[in-house]
Amino acid sequence: MNEQRCRARDLGIVVGPLSTGRHNAITDVAGILVGHTTIDDGADLHTGVTAVVPSQLGPGRWTLPAAVYSGNGHGKLVGSTQVDELGVLESPVLLTGTLSVFRAADALLGYLMDRRPGELSFNPLVGETNDGHLSDIRRRPITEEHVLAAIAGASGEPPAEGCVGAGTGTSALGFKGGIGTSSRTVRVADLPATVGALVQSNFGGVLTALGVPLPVDELIPDADRTEPPGNSCMIVVATDAPLDARQLGRLARRAVFAMGRVGASYSNASGDYAIAFSTIPPDRSPIPDVEINPVFAAVLDAVEEALLNSLFAATTTSGRGHTSYAVPHRAVVGRLSAAGRLAARA
């Protein structure tokens, strides 16, 4: 289990024919920054905060067109109803552990109030998955300092993946889950566009890569297969394609559909949500619906690869008497190679 962790493409796993952005990350969308605060005491605390920060939000422009899709609403996505109602995002998007979501939302509210003195209403958007399988979730360790550090440390560089930030204590598809990201570039209405995805994976099912099932009980026969409670997935999609809130809702639905490609079980207790927003300048008109298919293809592929990256970059983690094992790369490569699914590696 001491394999060096890497991304799906490093193993020859290439999802779809579309090109990626420079970093193959959500930060390939101009102006999108990502920051993490990780809490890991080596024992029973494995949690954190991940912040997706659109730098376009600031003086002169305090909203971006946005939509939320609830694939299964067994979750605590703070701020989602106003996004549904008004079709706008007015804050960074935070991800954390379930019982810390309210403290994170309060900290984000303070951040927004400091930026806009005199305003009387704010809508912080904070999502979560339940990392209580590996982390002592009832301690609610997230503080204002952790939230502000994630926002302040956000950058346009390739985000860290795997056991970092909000993905520190998550498990998915029988293995250790975490944070993953990916991007795609397309032409929309004869203009270049980038679609980026970032995921917090913590959901059940059988890991599947390029159509090949990779069950944990076959790849790691002695693995702890106790199903983590509150299996869920948070997906954040950013794009510079000119889409309005209605069209972004369609994009968010495709993002949740992409979970099925990697083997999601979509269980009763799985809170599966997608948040999609566009950095489109306010004077740009949205594209006609007949031009939107390339964006749909991009989000499906980007989310699928981001989910795979969230697992392949994660490391074996133990806490609260449980262990979530990292995906064994050699076994995965062996199976996919035998199935003829791997791309040639340089």
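Going by the structure above, here's the rest.
Here goes a summary of the coordinates provided. This is a predicted model, so every value here is computed, not measured. (Residues numbered from 1 in each chain as written. Predicted model: local features only at pLDDT ≥ 70, side-chain atom pairs only at ≥ 80, totals over all residues. Heavy atoms only, no water.)

**Re the sheet that holds strand E5 (residues 93-97)**
With mixed pairing, the four strands of this open sheet are ordered in space as E1-E2-E5-E6. Strands with a single pairing partner mark the edges of an open sheet, and in this sheet they are strand E1 (32-40) and strand E6 (125-129). Taking each pair of neighbouring strands and ignoring which way they run, the sheet shows an average axis angle of 15°. Direction of pairing for strand E2 (residues 46-54) relative to E5: antiparallel, over a ladder of three bridges. Its bridge partner lying in E5, Val 52 is registered against Val 93. Helix-sheet contacts for helix H2 (residues 101-115) involve E5 and E6, and the interaxial angle to E6 is about 160°. (Pairing = 2+ DSSP bridges. Helix = DSSP H or I, 4+ residues; strand = E, 2+ residues; numbered from the N terminus. Axes fitted to C-alpha atoms, helices over the stretch in contact; angles between N-to-C directions. Contact = heavy atoms within 4.5 Å.)

**So, the environment of Arg 250**
You can see Arg 250 is positioned in helix H5 (residues 245-257). For the pair Arg 250 and Asp 41, spaced 209 residues apart in sequence, the C-alpha separation works out to 40 Å. Look past the residues within four positions of Arg 250 in its chain and what remains in contact with it is Asp 289, Ile 292 and Phe 296.

**Quick word on the sheet that holds strand E10 (residues 191-202)**
Pairing is mixed in the open sheet, where six strands are placed in the order E4-E3-E14-E13-E10-E9. Taken across any chain shown, the strands that pair with only one partner, and hence form the sheet edges, are strand E4 (88-89) and strand E9 (179-188). Summarising the sheet, E9 and E10 pair through ten bridges and their orientation is antiparallel. Paired with Thr 185 across the bridge in E10 is Thr 194. Each of strand E3 (64-73), strand E13 (232-239) and strand E14 (271-278) touches H5; the most contacted strand, E3, lies at about 35° to it. Along the sheet, helix H6 (residues 293-312) makes contact with E9, E10 and E13, crossing E9 at roughly 160°.

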